[in-house]
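# Working through the structure, step by step
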Amino acid sequence: MTPRLPARETWRALYRHFRPHRAAVALGALLALVGTVTGLAQPLAAKTLVDRLGRDEPITGVLLGLTALVVAGTAVSAVGSYVLERTAESVVLAARHSLIGRLLRLRLVEVERTQPGDLMARITSDTTLLRAVTTRSVVSAATGGLGFLATLVMMLMMDAVLLGVTLGVIVLIGGAFALAMPRIAEATRRSQAAVGEISSRLERAFGAFRTVKASGAEARETAVVEEAAHDAWRHGVRAAGWQALAGSSVGLAVQVSFLAVLGIGGARVASGAITVAELIAFLLYLFYLIEPVSQLVEAVTQYQVGSAAIARIEEAERLAAEDPEQGAGTVAAGGGGPASVVFEDVAFRYRDDLPYVHHGVSFEVPGPGMTAFVGPSGAGKTTVFGLVERFYEATGGRVLVDGRDVRDWPVAALRGAIGYVEQDAPVLAGTLRENLVFAAPGATEEEVREVLVRTRLDALVERLPDGLDTVVGHRGSKLSGGERQRVAVARALLRRPRLLLLDEATSQLDAVNEMALRDVVAEVAREVTVLVVAHRLSTVTLADRIVVMDAGRVRAVGTHAELVAGDPLYAELAATQFLATRG
Ligand SMILES: Nc1ncnc2c1ncn2[C@@H]1O[C@H](COP(=O)(O)OP(=O)(O)OP(=O)(O)O)[C@@H](O)[C@H]1O
């Protein structure tokens with residue numbers, strides 16, 4: 001669960017969200033104040049009206065004035081309320097804006113460490129808790145504070161001793177109330193964490209929905225999500241309980257003060273220290289205290305709720321994100337020529353507490369041409385691609401693209417030169433067209449048509465009632481596995497990359513489509529550097545160069561013929577058509 005933020009940091013973070021909107025909050029507060037003042041003026045106007053009626057004087061003017069006052073008062077209050085609510089929405093929008101921008105740029109390691117569902121909840125749910133604390137409660141704190149001080153001054157003018165008694169009671173009950181405050185924050189924090197957990201658990205189920213169904217796990221998954229929902233309820237109820245207690249403490253403080261003032265005030269009247277009139281006036285002021293103290297309590301309670309949310313928002317804001325321009329200097333345009341890739345003694349592990357996945361990997365791939373990476377499952381082949389794309393950084397050694405360390409490339413420029421087809425060929429929800437131009441938004445209609453023909457998707461598009469505008473479903477669930485792979489390859493080709501990374505991009509294709517795609521890749525490899533991870537012999541034998549990996553090391557590099565003769569592992573893999581080792 002999210003750790004608590006120190007009070008200073010909470011305050012600073014909340015202030016940062018409030019700061020840009022302080023003028024609007026001040027305006028909202030001013031309008032609310034004007035609305036209240038016009039409200040207070042109404043009884044005066046009503047009194048004048050009655051006086052005039054009694055004296056038989058014309059009342060039309062006063063009546064019109066009173067009506068205008070009522071209308072104006074209501075209108076000003078409504079505008080004030082609108083300004084504050086609008087500002088509250090703007091605070092939420094700004095917080096979401098900043099979080100969305102950050103989360104979609106997170107480094108992969110951060111995303112792998114956290115749960116996306118929980119991160120989503122921070123954008124959707126936690127931000128809404130900032131609404132009140134940055135607007136209404138600021139106003140409440142200001143008006144409540146002023147009202148409180150003003151009433152205290154009036155009480156002081158009546159009798160300092162009775163004021164002392166009142167303050168004593170308020171401090172006593174306020175102390176008990178202060179004890180409840182951290183509990184409101186704690187319960188809210190737990191409740192929000194549980195809301196995040198609901199999202200995470202739902203995401204897990206929807207992410208493998210067919211598997212859930214096929215495993216007959218609906219009831220179990222339902223129970224798992226419901227457990228988190230129940231947790232959210234439990235902590236939410238606890239927070240509500242503490243809030244109710246804090247709210248009722250105001251009434252209690254005033255009632256107890258009333259009794260104390262009545263007792264001690266009575267004695268003071270008897271001793272002649274104050275008059276009965278002063279005692280009555282003092283008691284009236286005591287009841288006037290209810291409103292400002294309630295406002296202060298509300299402000300502090302909201303602050304606790306906000307502080308719980310802000311801790312979760314700040315935690316997400318502090319996750320490491322990528323800067324697309326990061327990397328020293330600029331990059332030569334590089335033209336359209338093929339890229340070269342060199343690994344120099346690369347060591348890598350995914351996290352400090354995990355074992356090394358690469359133990360000094362070295363190879364050289366000059367462009368163009370096709371280089372295949374083969375080896376048993378878990379040998380570290382996909383990891384090579386992750387390091388070239390700079391999804392992760394090498395722990396030791398260097399990864400060079402075009403002779404330049406990938407750490408010196410601006411990330412956007414590096415990735416801009418690469419077309420990447422992931423192992424499970426992800427397709428995004430949306431239309432077929434959106435998926436195709438996803439990596440190349442500027443692609444022309446003609447380029448799209450051309451790539452459809454090359455990847456043999458043209459027949460599919462013709463068959464579909466909405467053609468390219470067909471919606472492919474969540475993760476492309478309305479497409480077959482082979483179709484998804486071809487869409488992913490088409491997407492990478494449309495990017496016109498200088499370096500094409502294909503991670504088992506044809507594993508799900510039927511023989512005819514595989515052969516066709518192999519020809520396309522071979523053709524592309526004449527001008528572009530193509531790296532493929534493949535388990536099928538048919539793909540591998542075509543390669544200009546084969547890198548045999550085993551347990552995070554490069555065992556051998558050569559052509560098919562050289563390796564069959566020279567490397568026992570490769571010979572074995574080849575003999576079993578690379579299929580037996582799929583793990
Ligand atoms: N994101 C990750 N976090 C932690 N460990 C990982 C991660 N990705 C891969 N690994 C581990 O790194 C090792 C190498 O994985 P990699 O995907 O590079 O293997 P591979 O050779 O491509 O295997 P396959 O042929 O099965 O795809 C494996 O042991 C795997 O468990």
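Residues numbered from 1 in each chain as written. Predicted model: local features only at pLDDT ≥ 70, side-chain atom pairs only at ≥ 80, totals over all residues.

By the naming in an unreviewed UniProt entry, the protein chain goes by ABC transporter ATP-binding protein and is assigned to Streptomyces tamarix. Per its UniProt entry, the protein chain bears the Subcellular location (unreviewed entry) comment "Cell membrane". (UniProt positions renumbered as here; feature names shortened; annotations may be inferred.)

### Quick word on the UniProt feature "domain: ABC transmembrane type-1" (unreviewed entry) in the protein chain
When the UniProt feature table is mapped onto this chain, "domain: ABC transmembrane type-1" (unreviewed entry) is found at residues 26–304. Note that residues 26–304 is 90% helix and 0% strand, and that its end C-alpha atoms are spaced 22 Å apart. (Helix = DSSP H or I, 4+ residues; strand = E, 2+ residues; numbered from the N terminus.)

### Some points on the domain arrangement of the protein chain
Examined at the domain level, the protein chain breaks down into domain 1 (7–317) and domain 2 (341–575). One C-alpha centre belongs to domain 1, the other to domain 2; they are set 55 Å apart. (Domains from an automatic or database assignment.)

### Side note on the UniProt feature "domain: ABC transporter" (unreviewed entry) in the protein chain
The UniProt entry lists residues 341–576 under the feature "domain: ABC transporter" (unreviewed entry), expressed in the numbering used here. End C-alpha to end C-alpha, residues 341–576 measures 29 Å, and it is 35% helix and 24% strand.

### Regarding the confidence of the model for the protein chain
Per-residue confidence for the protein chain gives a mean pLDDT of 87, with 96% of residues at or over 70. Across the protein chain, the secondary-structure element scoring lowest on mean pLDDT is helix H20 (residues 537–540), at 78, and the one scoring highest is strand S1 (residues 341–348), at 96. Counting interchain partners and residues more than four positions distant, the pLDDT-below-50 stretch residues 579–583 has 9 contacts. Model confidence for the complex is summarised by a pTM of 0.82, with the ipTM given as 0.97. (pLDDT = per-residue confidence, 0-100. Contact = placed C-beta atoms within 7 Å.)

### Some details on the pairing of strand S9 (residues 545–550)
Strand direction decides the pairing type here: strand S3 (residues 369–374) and S9, joined by 4 bridges, are parallel. Looking at the pairing, valine 374 lines up with valine 548 of S9. In this sheet, strand S10 (residues 553–558) lies alongside S9 in antiparallel orientation, the contact comprising 5 bridges. Following the sheet pairing, aspartate 550 is matched in S10 by arginine 553. Between S9 and the antiparallel strand that follows it, S10, lie 2 residues; alanine 551 among them carries a positive phi value of about 45 degrees. (Pairing = 2+ DSSP bridges.)

### Considering the site of the ligand
Surrounding the ligand, one finds 15 residues, the nearest of these being Tyr350, Ser377, Lys381, Thr382 and Thr383. With 3 residues, helix H13 (residues 381–388) is the largest single contributor of residues to the shell around the ligand. Of the residues belonging to the shell around the ligand, the class tally is 5 nonpolar, 8 polar and 2 charged. (Near = placed C-beta within 6 Å. Nonpolar A, V, L, I, M, F, W, Y, C, P; charged D, E, K, R; others polar.)

### Notes on the sheet that holds strand S5 (residues 404–405)
Ordered in space as S2-S1-S4-S5, the 4 strands form an open sheet in which the pairing is antiparallel. Each end of this open sheet is capped by a strand with a single partner; those strands are strand S2 (358–365) and S5. As defined by bridge partners, S1 adjoins S2 across 6 bridges and the pair is classed as antiparallel. Bridge pairing links alanine 347 to histidine 359 in S2. Seen against the sheet, H13 touches S1, S2 and strand S4 (396–401) and runs at an angle of roughly 110 degrees to S1. (Axes fitted to C-alpha atoms, helices over the stretch in contact; angles between N-to-C directions.)

### With respect to unusual backbone geometry
Here the phi dihedral of arginine 390 falls at roughly 60 degrees; this positive angle occurs in a residue that is not glycine. Turning to its location among the elements, arginine 390 is positioned in the loop between H13 and S4. Here arginine 390 falls in the buried class, since 22 other C-beta atoms lie within 10 Å of it. For aspartate 402, which is not glycine, the phi torsion reads 55 degrees and is therefore positive. Structurally, the position occupied by aspartate 402 is in the loop between S4 and S5. (Buried ≥ 20, exposed ≤ 12 C-beta atoms within 10 Å, placed from the backbone.)

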